[in-house]
Amino acid sequence: MEKRNDLLKTTVKEVTAGIGLFGILELLICVLFVGGGPGTLTVLKVRSMGGVILGCLFAAGWFLHMKQSLKKAAAMEEKRVPFQMRKGYAFRIFAAAVLFLLVAWTDWVPFLAVLAGILTLKPAVYLQPLLHRLFGKFGDGETHWKE
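Model, not experiment: these values are computed from the prediction.

Rules of the game
- Residues numbered from 1 in each chain as written.
- Predicted model: local features only at pLDDT ≥ 70, side-chain atom pairs only at ≥ 80, totals over all residues.
- Heavy atoms only, no water.
- Helix = DSSP H or I, 4+ residues; strand = E, 2+ residues; numbered from the N terminus.
- Buried < 20%, exposed > 50% of the residue type's maximum accessible area, 1.4 Å probe, protein only.
- Contact = heavy atoms within 4.5 Å.
- Areas by Shrake-Rupley, 256 points an atom, 1.4 Å probe, with all protein chains shown as cover.
- Axes fitted to C-alpha atoms, helices over the stretch in contact; angles between N-to-C directions.
- Left-handed = near helix turned anticlockwise from the far one by under 90°.
- Nonpolar A, V, L, I, M, F, W, Y, C, P; charged D, E, K, R; others polar.
- Phe/Tyr/Trp six-rings, centres within 6.5 Å; stacked < 30°, edge-to-face > 60°.

## Points about the overall build of the protein chain
Logical step 1: Summing up its helical and strand segments, the protein chain has six helices and zero strands in all.
Logical step 2: Reading the helices (α) and strands (β) of the protein chain from amino to carboxyl end gives α-α-α-α-α-α.
Logical step 3: Out of the 147 residues belonging to the protein chain, those deemed buried represent 29%.
Logical step 4: For the protein chain, the share of sequence-separated contacts (at least 6 apart) that also reach a separation of at least 24 residues comes to 65%.
Logical step 5: When the accessible surface of the protein chain is summed, it comes to about 10000 Å², and 71% of that surface belongs to carbon and sulfur atoms.

Take a look at the structure:
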């Protein structure tokens, strides 16, 4: 069981790092292509970067909430698991809807920048095995996949 917890902690760290890496890539795209090019600092560029950061933070929180929901579901009896998973999913969708409504209503940051930040979760999850190998190679040397 302890080995499984170590693997879960490692996976969470890797996916969170992936969200950060893709967030940095999106921030670089904002710097280079939004609001007048790389040499200028405009309000639109700053707001877009703020939207990306907000979206990335939300994506990391979303992923951590998924982890907690899965841990709760794994600890309960089988009949209650579908309800627990639906409840966690509904909460995450509701939170995203509230965030999008606030962003659209206040117009502080661009909607698409927040959406791009949230969508960093997808490539981070898909590239987690690659990040796992890279962290194993440059980190402590363990891959944690050995049974």
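## Re the side chain of Gln84
Logical step 1: By the element assignment, Gln84 lies in helix α3 (residues 81-106).
Logical step 2: Judged by its relative accessible area of 7%, Gln84 falls in the buried class.
Logical step 3: Residues in contact with Gln84, not counting those within four places in the same chain, are Ser69, Lys72, Ala73 and Met76.

## Observations concerning the packing of helix α2 (residues 43-75) against helix α4 (residues 111-118)
Logical step 1: Two elements in contact, α2 and α4, have axes whose closest approach is 6 Å; the angle formed by their N-to-C orientations is 35°. When the axes of α2 and α4 are compared, the crossing they make is right-handed. Residue-level inspection shows Ser48, Gly51, Val52, Leu54, Gly55, Cys56, Phe58, Ala59 and Trp62 of α2 in contact with α4, the latter providing Ala113, Val114, Gly117 and Ile118.
Logical step 2: Here the residues of the contact of α2 with α4 are counted per class, giving nine nonpolar, four polar and no charged.

## Observations concerning the packing of aromatic side chains
The description of an aromatic ring pair uses the distance of the two centres, along with the angle that the planes make with each other.
Logical step 1: Following the criterion strictly, the structure yields two aromatic pairs and no others.
Logical step 2: Consider the rings of Phe58 and Trp62, whose centres lie 5.6 Å apart with planes at 75°: the pair is edge-to-face. Here Trp62 and Phe58 lie together in helix α2, a separation of four residues that amounts to about one turn. For the pair Phe58 and Trp62, one class covers both residues: buried.
Logical step 3: A ring pair is formed by Phe100 and Phe111, whose centres lie 4.9 Å apart and whose planes are at 50°; its orientation type is tilted. A residue pair is termed long-range when its members are at least 10 positions apart, and Phe100 in helix α3 and Phe111 in helix α4 qualify at eleven residues.
Logical step 4: On the basis of relative accessible area, Phe111 is assigned to the partly exposed category, the value being 38%.

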